[in-house]
Every structure is written in C-alpha cells, then in structure tokens.
Amino acid sequence: MDHFELRDGVMHAEDIPLPRIAEEIGTPVYVYSRATLERHAQVFRDALKDVPRKHIAFAIKCNPNLGVLRVLARQGYGADVVSGGELERALAAGMAAEDIVFSGVGKTRAELAQGLDRGIGQFNIEHEPEGIALAEIAARKDMTAPAVLRVNPDVDAGTHAKISTGKAENKFGVGIDTAPEIFARLSGLPGLNLRGIAVHIGSQLTSLAPFEAAFKRVGQLVADLRAAGHSITHVDLGGGLGVPYRAGDNILPPSPADYGAMVARVTRDWDVTLMFEPGRVIAGNSGVLLTEILWVKPGATHPFVIVDAAMNDLARPALYDAWHDFAAVKPSGETMTASIVGPVCETGDTFARDRLIDKVESGDLAIFRSAGAYGATMASTYNSRSLVPEVLVDGDRYVVVADRIAAGTIMAAERVPDWID
Ligand code: LLP
C-alpha cells in the first residue's frame, strides 16, 4: 500500500497534488511519501514480531537521501552501508554508530579504519584477507572489531542475474563449505570479535523458497561452528524481499508477514540476534518519478511517448529490463498503446515497449511508480543532463530533499588543461 493516489481525478502524493510539485520544482523529479516509508518500516518490523532478538538496518544503497534516512532513523532503523560515503550519510542522518552494519565486497583499508574510528556496530567480512586486514587495523588501534563472516550458500535466488548474489559463481562471501576453516582461522586473531555469519542471496526475490534454503544452510553452519567450540551470537540474514512492480501481476512477492513467519520458523532454535538489511521493501513503493510528456511521435507500430525523464534518471528499465507502472497524473479514462522513451541518445533509453497506458499528450504529466528504491541513487548526468532532484512529502507539506544539480554545476567542476592550446 502506498499514498500515491487519484483524488478528484488528479494524482496526489499524500495531500499534495503532483501538478503543484511539477510547477514549483520542475520535472523530472522524484517524489517520496513519508507516510508510505513509515508504514513500510512498521509493517516490516511487525512481520518480525516472533523474532525475539533482532536488529534492522535499512540498506541505504537503495535510497541514501538524508531526508529519507532521517525518517527511517526515527523509526528505529539502523543502516546497512557499503562504502565510507554511505557510512557518513547514515551518521549525518542521525543513525547511531552502533546500529550501522558495514557490508560490501571491496572495502578499502581506509574504509575499514573509518568504520572502526566511527565505532560502527558490525563489519560483514567478505573473505579471509579482509578479515585479517580488519584485525590488524583494529589491533593497531587497540580496538576489537565486531564482525560476522558472509557466506555464499550457493542458492539460486530466482531473480535477475545482475542482482543475484548467492550463487557459487557470484563474487560475494566465502563458499559455505570453506566457511568453518576460514572462521576458525579468523576467530583466533586479536583485534577481531568474530561473532556470527551473514548471508544475502539477491534482490527482488519473489519467492520464499530460496531464502528458506539459504537460511537452513546457514542454520546448519551455525550448529557446526558451535560444535567446533565457537560462540555464535549474531546472524545477518541480509535483505532481498521483493515488491510488486506491476499492478495486476500474477506473481506477487511474498508479504513481509509471510517472510517473517518463515524466518521465525526456520530460526526458532538458533538463539542469536537476527539482523536484517531490507532496502527495496521499505523504499521501493514509497517513491515515484514525476515526468512531463515532451512529445508524442508516430512510430512504425505504435507511437513513442517521449518523456523528460530518461535512463540517466531511472536506470532500472535499461539495466534490468525492469517494469515500472506508468500512470497519467490527470487520466482522461482513455488509453493508448505506446512505447515510452526518454531523450537520451540510446535505444536502451526505453521505459516501456508497446504498452497499454493512460492516453497522454504533449505537456501532460505522468509518473513512473515504485521508483523509491534504486532510482535517484543510480542517477547520472549522462548526456549532460541535470542530476534529478528529490522531494519528500509529509501530509500537506513537502520539502526538496535533494536539489536538482544543473549541468552547468557539473561542468564548473571540470577544467581544460592550459597546456592544450
Ligand atoms: N544487503 C546486501 C548485502 C545487499 O547487497 C543488498 C542489495 C541489500 C542488503 C538490500 O537488498 P534489497 O532488500 O533492496 O533487495 N540496483 C538493483 C538492486 C541491487 C541490489 C544490491 N544489493 C535494482 O535496481 O534492482
């Protein structure tokens, strides 16, 4: 459920009519709903009511906007970060250092040191050399780094290949078969408090079965590690729960409640603090990308609806063939079949092919739904376009939580060498 809906024939974000944002801020622009973010945060937490000890860290890679993070910080969420930059954002947004988990397959030594200096709650170690480096850096600082070892359970998440992370051939974690020996070697190091295991098998999962298969393997590993004398107090189950992208779709992702019930059942005897890193399920349907129709141009089979948003603003369709529902801000009730494309000079700059959509004309406004996760954060300035702004709505008020960065501002950061005449 979200708070983007038609009222008197006009699409609103909570109590704000979207034409007002288009007029005052311009398009394209991302629009987030605070009430939707809060609702999703509560639903996910409620879904885990049968997990006695838990920690929820929002995967801020999916939406690192400071305003959004502040909303989630107020909901008691910590942060899952994957870079020094994300770490500083989480702190700036008011998340407590001890609630921050540092994931990421290629942390630098500088980033490990930064995490220690900031006093973060946990490092998710991706492989043995990283664990050794972290132990050395911590010991040199006379500190002990709280850490878990990320394992790769070799489970097919059944999602798009580019966002699947838990198959043996993926770059993430250590093979689950090798985990006991690596764990044994790392846990002996001064400077490291290796206290558990992490797993994350992919994103936009639409079935519970791969989660359950992976979690059961982790449960066995926890039992094996304990049998070998290790103390295991924390298990991080990652993120990955999918969201509905397409109204009327017959493959609906599992609900947070079903996910939570499965987790509670599978982990009942684990006796650990369970950690979660949800991203998309919190932010995905909390945001839309508001765009203006520039032109409607005849095509070979169907017309092209050329919008002022492009693949640089919302990369998911071009990167993953992702579906985002498209809706007119003032629908007439009529429909048309069209391809929706952006202004960028690539055929891949296509949001939808030959799709039945609300009828739109040049000058109309429309939204791409479910753009709150992996939307603005993946934007670029390709084709020397501006960096897309972001707005956060709260009831009948809104704030621009990220300015549009004009192409000229980007250009101002460049220089021509004076030795080129
Ligand atoms: N934890 C780890 C270690 C991750 O790598 C990710 C996402 C998450 C948590 C959060 O996953 P979520 O709950 O959002 O599925 N750009 C792609 C998605 C990339 C996901 C990367 N890792 C997309 O637009 O679909």
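It should be emphasised that the depicted structure is a prediction, and the values quoted were computed from it without experimental measurement.

(A) Inspection of the overall build of the protein at higher detail. Counting secondary structure elements, the protein contains 12 helices and 21 strands. On C-alpha atoms alone, the protein measures out to a radius of gyration of 23 Å, which is about the 22 Å that the 2.2 N^0.38 rule sets for 421 residues. Along the longest, intermediate and shortest principal axes, the C-alpha atoms of the protein span 70 × 60 × 40 Å. In the protein, which comprises 421 residues, the share counted as buried stands at 46%. Partitioning the contacts of the protein with sequence separation of at least 6, the portion at a separation of at least 24 is 70%.

(B) Quick peek at the domain arrangement of the protein. Domain assignment breaks the protein into domain 1 (4-32 + 284-412) and domain 2 (34-282). Taken together, the contact pairs 24 residues of domain 1 with 23 residues of domain 2. Secondary structure elements with two or more residues in the side of domain 1 that touches domain 2: helix H11 (316-320), strand E20 (390-394) and strand E21 (397-402). Here the side of domain 1 that touches domain 2 takes four residues from E20, the largest share from any one element. In terms of residue class, the side of domain 1 that touches domain 2 is made up of 13 nonpolar, seven polar and four charged.

(C) Highlighting the UniProt feature "binding site: substrate" (unreviewed entry) in the protein. The sites that UniProt annotates as "binding site: substrate" (unreviewed entry) are Arg-280, Arg-316, Tyr-320, Glu-346 and Tyr-374. A maximum C-alpha distance of 27.3 Å among these annotated residues, which run over 95 residues, shows that they spread across the structure rather than meeting at one spot. By the secondary structure assignment, Arg-280 is in helix H10 (residues 280-283). On the basis of neighbour count, Arg-280 is assigned to the buried category, with 26 C-beta atoms found within 10 Å.

(D) Structural detail: the nonpolar core. Membership of the largest hydrophobic core comes to 117 residues, with the highest contact counts inside it found for Val-31, Leu-149 and Ile-197. In terms of residue count, the dominant contributor to this core is helix H8 (residues 209-227) (seven residues). Here this core spans two domains, since at least three of its residues come from each of domain 1 (4-32 + 284-412) and domain 2 (34-282).

(E) Layout of the packing of helix H2 (residues 34-47) against helix H3 (residues 66-74). Between H2 and H3, whose axes approach to 10 Å, the crossing angle comes to 40°. Looking at the two axes, H2 sits oblique to H3. The two elements H2 and H3 meet at a crossing, and its hand is right-handed. Taken together, the residues of H3 that come into contact with H2 (itself represented by Arg-34, Leu-37, Glu-38 and Ala-41) are Val-68, Val-71 and Leu-72.

(F) Inspection of the pairing of strand E4 (residues 29-33) at higher detail. Counting buried positions over the five residues of E4 gives five, a clear majority of the element. Burial of E4 is two-sided: the residues Val-29, Val-31 and Ser-33 facing one way and the residues Tyr-30 and Tyr-32 facing the other way are all buried. Sheet topology note: the E4/strand E14 (residues 287-297) ladder contains four bridges and is antiparallel. The residue of E14 that forms the bridge with Val-31 is Val-288. In this structure, E4 lies alongside E20, joined through four bridges in parallel fashion. The residue bridging Tyr-32 from the neighbouring strand is Leu-392, located in E20.

(G) Representation of unusual backbone geometry in the model. Thr-27 connects to Pro-28 through a cis peptide bond whose omega is -5°. Looking at the secondary structure, you find Pro-28 in the loop between helix H1 (18-25) and E4. In this structure, Ser-370 takes a positive phi of about 55° despite not being glycine. As for its position among the elements, Ser-370 is in the loop between strand E19 (365-368) and E20.

Analysis parameters
Residues numbered from 1 in each chain as written. Predicted model: local features only at pLDDT ≥ 70, side-chain atom pairs only at ≥ 80, totals over all residues. Helix = DSSP H or I, 4+ residues; strand = E, 2+ residues; numbered from the N terminus. Rg over C-alpha atoms; globule rule 2.2 N^0.38 Å. Buried ≥ 20, exposed ≤ 12 C-beta atoms within 10 Å, placed from the backbone. Contact = placed C-beta atoms within 7 Å. Domains from an automatic or database assignment. Nonpolar A, V, L, I, M, F, W, Y, C, P; charged D, E, K, R; others polar. UniProt positions renumbered as here; feature names shortened; annotations may be inferred. Core = buried A, V, L, I, M, F, W, Y, C linked by C-beta atoms within 7 Å. Axes fitted to C-alpha atoms, helices over the stretch in contact; angles between N-to-C directions. Parallel < 35°, antiparallel > 145°, perpendicular 65-115°, else oblique. Left-handed = near helix turned anticlockwise from the far one by under 90°. Pairing = 2+ DSSP bridges.

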